[in-house]
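# Structural features, examined
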Amino acid sequence: MRTVSYDSIKADQAWVAVTQHLQRRNQLLADGVSFLELHPSDHALAGRLVVLQYHLRATVRRLVTETSQARPMPSLPQLVRRQWLVVHQLTFLLRQIDDELRKTGAKSPAFRSWMDQRNQRFTCKPSPRVYLN
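I will try to describe carefully the structure that is included in this document.

Reading guide: rules and limits
Residues numbered from 1 in each chain as written. Predicted model: local features only at pLDDT ≥ 70, side-chain atom pairs only at ≥ 80, totals over all residues. Heavy atoms only, no water. Helix = DSSP H or I, 4+ residues; strand = E, 2+ residues; numbered from the N terminus. Contact = heavy atoms within 4.5 Å. Phe/Tyr/Trp six-rings, centres within 6.5 Å; stacked < 30°, edge-to-face > 60°. Buried < 20%, exposed > 50% of the residue type's maximum accessible area, 1.4 Å probe, protein only.

Right, let's talk about the environment of L56 for a bit. Looking at where L56 falls in the secondary structure, it is placed in helix 2 (residues 43-69). Between the C-alpha atom of L56 and that of I97, which follows or precedes it by 41 residues, the distance is 8.4 Å. Sequence-distant contacts of L56, defined by excluding residues within four places in its chain, comprise L22, N26, L29, L93 and I97.

Quick look at the structure:
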């Protein structure tokens, strides 16, 4: 039987929140690339978003591989610390994505307008508001 603590529940909640935000950002990047490809002058920006999306997927894949190959941790506090480490890394990745989306919007008025419309429709928040200890 697995032991559960308040800290492990908080870490699980943070994990769920950050993975949901990553899924939304991945979809936003894919949609943004499709939008930018419709505008010939913005193809270079579309390429940057493709690279960012690749970086997102590669980072998540690397973290999953590292976590699954790690030796089993004997204690719950060590498991919780490992989970928080991954949550912090993914949150940093979310901030990088958000920064790149803002930069893309600054370079392309059409993309900025598209993002504004999308944010109004879906009220997509720029960063997860997760308590990170």
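We are not done yet, so read on.
A word on the packing of aromatic side chains. By convention here, two paired aromatic rings are described through the distance between centres and the angle between planes. This model, assessed by the stated rule, comprises two aromatic pairs. Here F35 and W114 contribute two aromatic rings whose centre-to-centre distance is 5.3 Å and whose plane-to-plane angle is 15°, an arrangement assigned as stacked. You can see F35 sitting in helix 1 (residues 6-37) and its partner W114 sitting in helix 4 (residues 109-122), a full 79 residues away along the chain. Across the pair, W114 and F35 agree in class, each one buried. Residues F111 and W114 carry aromatic rings whose centres are separated by 5.5 Å and whose planes lie at 35° to one another, so their mutual orientation is tilted. In this pair, F111 and W114 both sit in helix 4, three residues apart, roughly one turn of the helix. As far as the burial class goes, F111 and W114 line up, both buried. By way of ring pairs, the aromatic residues F35, F111 and W114 are connected into one cluster.

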